[in-house]
Amino acid sequence: MTTLSLAKALNEGLRAAMETNPKVLVMGEDVGKLGGVFRVTDGLQKDFGEDRVIDTPLAESGIIGTAIGLAIRGYRPVCEIQFDGFVFPAADQIITQLAKMPLRSLGKLKLPVVVRIPCGGGIGAVEHHSESPEAYFTHTSGLRVVACSNPADAYTMIQDAVRCDDPVVFFEPKRRYWEKAEVELGAPGLALDKAKVVRQGDDVTLLAYGPMVKTCLEAAQAAAEDGRSVEVIDLRSLNPLDLPVLTASVNRTGRCVVVHEAPIFGGLGGELAARLTEACFYRLESPILRVGGFSTPYPPSRLEEHYLPDLDRVLDAVDRVLAY
Amino acid sequence: MTAPMAPPELVQLLTPEGERVEHPDYEIDLTAEEVRSLYRDLVLVRRIDLEAVALQRQGELGLWASLLGQEAAQVGSGRALTDADMAFPTYREHGVAWCRDVDPLHLLSLFRGVNHGGWDPQEHNFHLYSIVIGSQTLHAVGYAMGIQRDGAEAATIVYFGDGATSQGDVNEAFIWASVFNAPVVFFCQNNQWAISEPLEKQSRIPLYKRASGFGFPGVRVDGNDVFACLAVTRKALAAARAGQGPTLVEAFTYRMGAHTTSDDPTRYRVADELEAWKLKDPIERVKAYLFRGQLADQEFFDKVEAEADALGKELRRRCLALPDPAPEAIFQHVYAEPHALMAEEREQYLTYLAGFER
C-alpha cells in the first residue's frame, strides 16, 4: 500500500499500462514536457519518449481524429482533453467516428481509444473549466463512459480503460485530483462496468459518481449522526449502468436520491430514476429524487457553491424522500 | 537567352485528345499492357457506377453518390498505391475501392441500407467510407503517424473534395501532417461542386496553393488524365514513404452527374459547363491513345465492354439477392466487449418480436 493523490494514481496507472503494452500512447495538449496542466502525465514523456507521449497541436478534433487513425493502425491512444469545456470541438470525432466506426466495420475494427476528461467544478475556475458533460456521451451508443472518484479506483480504472477494446470516455473529478488515499499498486480492481457500494445503509440509497461520491459519503456520515442509515453507491460506470447492484440496493432501502453536478434536466439522474422506478416500483416508498446542477450554464465561480450540490442539499433530499 | 519556362500549373501527361505530352517534373513510362489495364479499370468502374445509379432509380438502393467523370482521378491515384499503403476514402471512392479489390457489392450494401459498410479495412488497406465531410483526413494522418512509429515502408492517402477543404478537420489534418511530417498524401478531387456550391464558395485561391501555407508542397493535376494522376500520386507517395512528409494533390476534375441521386444539378449549374467537360472525358482520351498508338485493337475494346456488361449484370443479380439483415443485427458490433444495455435491449426486443409468432 502506498498513499497517492488521485492525479498521481492516474499517473501510476498510465505508467503501468504503458509498461505493459508498447502500443499504448498518451497524447494531448501539454501532456509531454509539462506533464499535463494537472500533472497527470508527469514524467511519462521523459521515460517513454516523444513517440509515445505526444504533445499535440491545440486542436481537440485533431487529437481524437488522429487517435482514431492510430487505433486503426493498432495503437491504444489515451487522449487528454485539457478541460471538460474543451471537449466540444472533438465532439464530432467522438460521436460520429469513434463511437460508430466499430459498428460501421461490422466488428472488424476495434477502437481502443481512451478519452480522459477532467470534469466538474469547485476549483474557482473561469468559464468552460467546470462542466459536467457526461450526459452527451452516455447518450451516445458505442462509447463506454466511466468516472473515477478516488485514487484506488483511478489507478485500476485507467488501466482497465486502456485494456478495454471499446472506446472509453474517462471522467476525472478535477477537484479531487489532490486528495490522497491508500492505493495498492499492481493489484487489480473491480471490473470497469461495475458499481460499488461504498457505504452500506438501510434507509436511503444515494447514487453518485466522480466528485459527488465524497460529498455523498460526507452526507451519509452526517445523516448517521441523526440516526439515519444511508447507503452510498459509486456508479463508476455511467454507460453501461450496473443495474443489478443499483436495483438490489433500492429494493432494500425503498428510497433513492441521485446526485450529480451536471444539470438535472436531461441528465443521467433522469435515466437512473426512470430505470429504477421500473425495476423497483413495488418497493419504492417515495419518488426517486435528483440533486444536481441547475438548468443554467455553469455560473461564475463566485456563485458555484450555490450551483454545486453540497452536503446540505443532499441531506435536504434525503429528508424529503424520508418524509414520504 | 530565355528564362526556362515555368512548369504549367496543371500537370497533364495525356491530353483530352489522347496525345502524350511531357511535363518537366513528372514522367511516366507505361507498357501497352499497363495502359490497357488502366483502360479496363476505368471502363469497369464507370460500369459499376452506372449500374448503381440504375439500381437506385429502380428503388433498389436508397441513395448513390456517382463518380461519373472522376474515374481517372480515382483509378490513377488508386493504382499508384502499393499493397502496404492505406487509403481513406469519402463515400464516392468507388474507383479506389475497385483498385483495392473491395467487392463492389459492399458499396451497394451500404447504399441499400443493409449495413454501414462492413468490408475489412485491414484486408484491403482501404478504410470504410466516411460520410461526415473531412473527418477521415484526421484518421489518415493518425494512421500515418502509426506508420512512422512502426518504421514501416508505407504511406497513407486520403481522399476528400473541394467542399471538404473548408472543414476544420481538414485544416487540422494539414497542420498535424505538417508538424509531425506524417507520410500522407492529401488527394483532393476538386470536382468543382459541393452539392450546389461552386468552388468560389470555398476558396479565393486555387486549392493546391493552400498547401504552402501549411508548409508542404501542393500540386494541381489534370484529374481526368489517368497517366498524370498516376504519376503525381506515385511521386507524392514515394516522397511520403521516404520521410519527406505530406503532399496536397488537387485533382482538377468535374462531377458529371448529380451530387447524389437525391440531387438535381439543373437547379444550379448550366448545361454548357457539362458539355465542355464532356470533351475532357477521362476514358475517351485513353481509348484514343490506345487506338492511335495501335496499342489495342477492336477486339480488346469489345472484350472490355463485354466484361463490363457481365460485371454490371452480375452485380445487379447479387444486389437484388442481398438479404435484409436480421433484427438483432441492430445490437451487434456496437461494442467489442459484452455490454449490459445492448444485451438487455436485444433480449427485450426479440422477446417482443417473438410475441407475434405465437
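All values derive from a computational prediction rather than experimental measurement.

So, how was this worked out
- Residues numbered from 1 in each chain as written.
- Chains lettered and ligands numbered in written order.
- Predicted model: local features only at pLDDT ≥ 70, side-chain atom pairs only at ≥ 80, totals over all residues.
- Helix = DSSP H or I, 4+ residues; strand = E, 2+ residues; numbered from the N terminus.
- Rg over C-alpha atoms; globule rule 2.2 N^0.38 Å.
- Buried ≥ 20, exposed ≤ 12 C-beta atoms within 10 Å, placed from the backbone.
- Contact = placed C-beta atoms within 7 Å.
- Core = buried A, V, L, I, M, F, W, Y, C linked by C-beta atoms within 7 Å.
- Pairing = 2+ DSSP bridges.
- Axes fitted to C-alpha atoms, helices over the stretch in contact; angles between N-to-C directions.
- Domains from an automatic or database assignment.
- Nonpolar A, V, L, I, M, F, W, Y, C, P; charged D, E, K, R; others polar.
- Parallel < 35°, antiparallel > 145°, perpendicular 65-115°, else oblique.
- Left-handed = near helix turned anticlockwise from the far one by under 90°.
- pLDDT = per-residue confidence, 0-100.

Our focus in this paragraph is the overall build of chain B. For chain B, the count of helices and strands is 13 helices and 8 strands. Relative to the compact-globule value of 21 Å for 358 residues, chain B shows a C-alpha radius of gyration of 22 Å, a close match. Projected onto its principal axes, the C-alpha positions of chain B cover 90 × 50 × 40 Å. Looking at chain B as a whole, 47% of its 358 residues qualify as buried. A fraction of 76% describes how many contacts in chain B between residues 6 or more apart in sequence connect residues 24 or more apart.

Turning our eyes to something else, we now look at the nonpolar core. Leu 206, Cys 216 and Val 257 of chain A together with Val 184 and Val 249 of chain B are the most contacted members of the largest nonpolar core, which has 199 residues in total. In contact with Val 184 of chain B, other than residues within four places in its own chain, are Ala 140, Val 141, Ala 144, Ala 155, Thr 156, Val 158, Ala 177, Ala 240 and Pro 246 of chain B.

So, on to the pairing of strand S8 (residues 247–252) of chain B. Residue and element names in this part refer to chain B. Of all 6 residues in S8, 6 are buried; the element is thus mostly enclosed. Judged by which residues are buried, S8 turns out to be covered on both faces: Thr 247, Val 249 and Ala 251 on one side and Leu 248, Glu 250 and Phe 252 on the other are all buried. The sheet contact formed by strand S4 (residues 184–190) and S8 spans 6 bridges and is parallel. Each residue of the ladder has a partner; that of Val 185, found in S8, is Thr 247. The pairing of strand S7 (residues 218–222) with S8 spans 5 bridges and is parallel. Across the sheet, residue Gly 218 finds its bridge partner in S8, namely Leu 248.

Take the interface of chain A and chain B next. Listed by partner, the interface residues are 37 residues for chain A and 33 residues for chain B. Top contributing element to the side of chain A that touches chain B by residue count: helix H3 (residues 60–72) of chain A, with 9 residues.

Our focus in this paragraph is the sheet that holds S4 of chain B. Strand pairing in a sheet is mediated by backbone hydrogen bonds. Such pairs are either parallel or antiparallel. Residue and element names in this part refer to chain B. Taken together, 6 strands build an open sheet; the order of strands is S1-S7-S8-S4-S3-S2 and the sheet is parallel. Both outer strands of the open sheet, strand S1 (10–11) and strand S2 (86–88), are each paired with one neighbouring strand and no more. Contacts from helix H9 (residues 226–241) reach S1, strand S3 (156–161), S4, S7 and S8 within the one sheet, and its direction differs from that of S8 by about 170°.

The next point concerns the domain arrangement of chain A. Residue and element names in this part refer to chain A. Each assigned domain of chain A is listed with its residue range as follows: domain 1 (2–183) and domain 2 (196–323). A separation of 26 Å is found between the C-alpha centroids of domain 1 and domain 2. Mapped by element, the contributors of at least two residues to the side of domain 1 that touches domain 2 are helix H6 (134–138), strand S6 (144–147), helix H7 (151–163) and strand S7 (168–173). Here the side of domain 1 that touches domain 2 gets 4 residues from one element, more than from any other, and that element is S6. Broken down by class, the residue content of the side of domain 1 that touches domain 2 amounts to 10 nonpolar, 8 polar and 6 charged.

Now for the sheet that holds strand S10 (residues 204–208) of chain A. All names here are of chain A. Taking strand neighbours across the sheet as the criterion, the 5 strands line up as S9-S11-S10-S13-S14 in an open arrangement whose pairing is mixed. Looking at strand neighbours, the two that pair on one side only are strand S9 (196–199) and strand S14 (289–293), the edges of this open sheet. Taken over all neighbouring pairs, the strand axes of this sheet differ in orientation by 25° on average, direction set aside. Taken together, the 3 bridges between S10 and strand S13 (residues 256–263) define a ladder with parallel strand orientation. Residue pairing in the sheet places Leu 206 in a bridge with Val 257 of S13.

Turning to its location among the elements, Gln 221 of chain A is positioned in helix H8 (residues 212–225). For Gln 221 of chain A, a count of 13 C-beta atoms within 10 Å puts it in the partly exposed group.

Attention shifts here to the packing of helix H1 (residues 6–20) of chain A against H7 of chain A. For any two helices packed against each other, the geometry is given by the interaxial angle and the distance between the axes. All names here are of chain A. Interhelical geometry of H1 versus H7 gives an angle of 30° and a closest axis separation of 8 Å. Comparing the axis directions of H1 and H7 gives the class roughly parallel. For the pair H1 and H7, the sense of crossing is right-handed. Two secondary-structure elements touch here, H1 through Leu 6, Ala 9, Leu 10, Glu 12, Gly 13, Leu 14, Ala 16 and Ala 17 and H7 through Pro 151, Ala 154, Tyr 155, Thr 156, Ile 158, Gln 159 and Val 162.

Now for the confidence of the model for chain B. In this model, chain B carries a mean pLDDT of 96, and residues with pLDDT of at least 70 account for 97%. If you check the scores for this complex, the pTM reads 0.97 and the ipTM reads 0.96.

Looking now at the domain arrangement of chain B. Many structure descriptions define interface size as the accessible area lost when the parts assemble. Domain parsing of chain B yields domain 1 (10–325) and domain 2 (326–358). Between domain 1 of chain B and domain 2 of chain B, the C-alpha centre-to-centre distance is 38 Å.

Time to look at helix H4 (residues 104–112) of chain B. Residues and elements named next belong to chain B. Counting buried residues in H4 gives 7 out of 9 residues, a clear majority hidden from the surface. The complete set of buried residues in H4 reads Pro 104, Leu 107, Leu 108, Ser 109, Leu 110, Phe 111 and Arg 112. Buried-residue contacts for H4 involve helix H1 (32–57), helix H3 (94–99) and helix H12 (298–320). Once H4 ends, the next one or two residues include Gly 113, with phi positive near 90°.

Residues and elements named next belong to chain B. Put simply, H1 and H12 touch, their axes get as near as 9 Å, and they point 35° apart. Relative to H12, H1 is oriented so that their crossing is right-handed. Contacts between H1 and H12 pair Arg 36, Tyr 39, Arg 40, Val 43, Leu 44, Arg 47, Ile 48, Leu 50, Glu 51 and Leu 55 from the former with Phe 300, Val 304, Glu 307, Ala 308, Leu 311, Gly 312, Leu 315, Arg 316 and Cys 319 from the latter. For the contact of H1 with H12, the per-class residue count stands at 12 nonpolar, 1 polar and 6 charged.

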